[in-house]
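# Analysis of the macromolecular model
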Amino acid sequence: MLRPSPTMTAALLAFASTVCFVSARPRTMSSALSASMMTRTAHMPAVTKYRGVGIDALRRKSSSSLSSRAKRHVRCAAAGEIREIGKDDYYQTLKDAGDKLVIVDFFTDWCGPCKMIYPFLEELARDNADSLEIVKLNCAGENRELVNELGVRVLPTFLFYKNEKNVATVKGAKREDLKNLIAEHATASAST
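In this text, all values refer to a predicted model and were calculated from it rather than measured experimentally.

### With respect to the side chain of threonine 93
Counting through the fold element by element, threonine 93 comes out in helix H5 (residues 90-96). The contacts of threonine 93, once residues within four sequence positions are left out, are Arg83, Ile85, Glu133 and Val135.

### Considerations on the state of the cysteines
Going through the model one piece at a time under the given rule, you end up with one disulfide. For the unlinked cysteine cysteine 139, the closest cysteine sulfur is that of cysteine 114, found at 7.5 Å. By relative accessible area, which is 1% here, cysteine 139 ends up buried.

### A look at unusual backbone geometry
A cis amide bond links leucine 155 with the next residue in sequence, proline 156, at an omega value of -10 degrees. Position of proline 156 among the secondary structure elements: in the loop between strand E7 (154-155) and strand E8 (157-162). With phi around 55 degrees, asparagine 163 is a residue other than glycine that occupies positive phi space. Structurally, the position occupied by asparagine 163 is in the loop between E8 and strand E9 (165-171). Residues other than glycine seldom take positive phi values, yet glutamate 164 does so here, at roughly 70 degrees. Since its relative accessible area comes to 47%, glutamate 164 is described here as partly exposed.

### What about the sheet that holds E8?
Read from one edge of the open sheet, five strands run E4-E6-E5-E8-E9, paired in mixed fashion. Taken across any chain shown, the strands that pair with only one partner, and hence form the sheet edges, are strand E4 (83-85) and E9. Pairs of neighbouring strands in the sheet enclose a mean axial angle of 30 degrees, with direction left out of account. Sheet topology places E4 next to strand E6 (residues 132-138); three bridges connect them, and they run parallel. Each residue of the ladder has a partner; that of glutamate 84, found in E6, is lysine 136. The sheet strands contacting helix H6 (residues 112-127) are strand E5 (101-107), E6 and E8, and the helix crosses E6 at an angle near 155 degrees.

### Regarding the pairing of E5
Two faces, one strand: in a regular strand the side chains alternate between the faces of the sheet. Of all the seven residues making up E5, seven are buried; the element is thus mostly covered by neighbouring parts of the structure. Burial of E5 is two-sided: the residues Leu101, Ile103, Asp105 and Phe107 facing one way and the residues Val102, Val104 and Phe106 facing the other way are all buried. Summarising the sheet, E5 and E6 pair through seven bridges and their orientation is parallel. Of the residues in E6, the one forming a bridge with valine 102 is glutamate 133. The parallel pair E5 and E6 is bridged by H6, and the resulting crossover is right-handed. By the bridge criterion, six bridges tie E5 to E8 in an arrangement that is antiparallel. Paired with leucine 101 across the bridge in E8 is lysine 162.

Quick notes on the rules
Residues numbered from 1 in each chain as written. Predicted model: local features only at pLDDT ≥ 70, side-chain atom pairs only at ≥ 80, totals over all residues. Heavy atoms only, no water. Helix = DSSP H or I, 4+ residues; strand = E, 2+ residues; numbered from the N terminus. Contact = heavy atoms within 4.5 Å. Disulfide = S-S within 2.5 Å. Buried < 20%, exposed > 50% of the residue type's maximum accessible area, 1.4 Å probe, protein only. Pairing = 2+ DSSP bridges. Axes fitted to C-alpha atoms, helices over the stretch in contact; angles between N-to-C directions. Right-handed = clockwise from strand over helix to strand, strands pointing away.

Taken by themselves, the reported measurements are silent on function.
This is the structure in structure tokens:
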């Protein structure tokens, strides 16, 4: 049996820590990872009300009694400036952004690298609020058809849009690539 060299092993581990591959079935995580990474909102500030109703009351309601849009708003209210969109409002979001650079973060709840880069995305959204809009789209469930149509196969994937046109793509949790592309395309919008 062929054994990988220590250098090759390190490279494979570095790559594996930046991407997840989209599969037809959700992956299970080991108990060690699940304890530290399964809660996507652990780092987010607490939100107590949504449209005058206590969040705890909304969470107690059965999932069928809340619309999917209301569920998205409950989750995103804690996220601050990054909001979650779905297949129904994907293209409208790009249109409404106008001249702003839009970054669409394709993620799933089981993707470790997606969770690790989220605080960095929040920081980017705060620092570039005037020239940048970051939205996220969950690749699971009802959005699966749109994800396949857009050709997303690796998570996280970031699609950069300017005036409704895809201007760049980043596959994997690559902070420097994100920073460089934001600097390039957000600066272009500020100067025009």
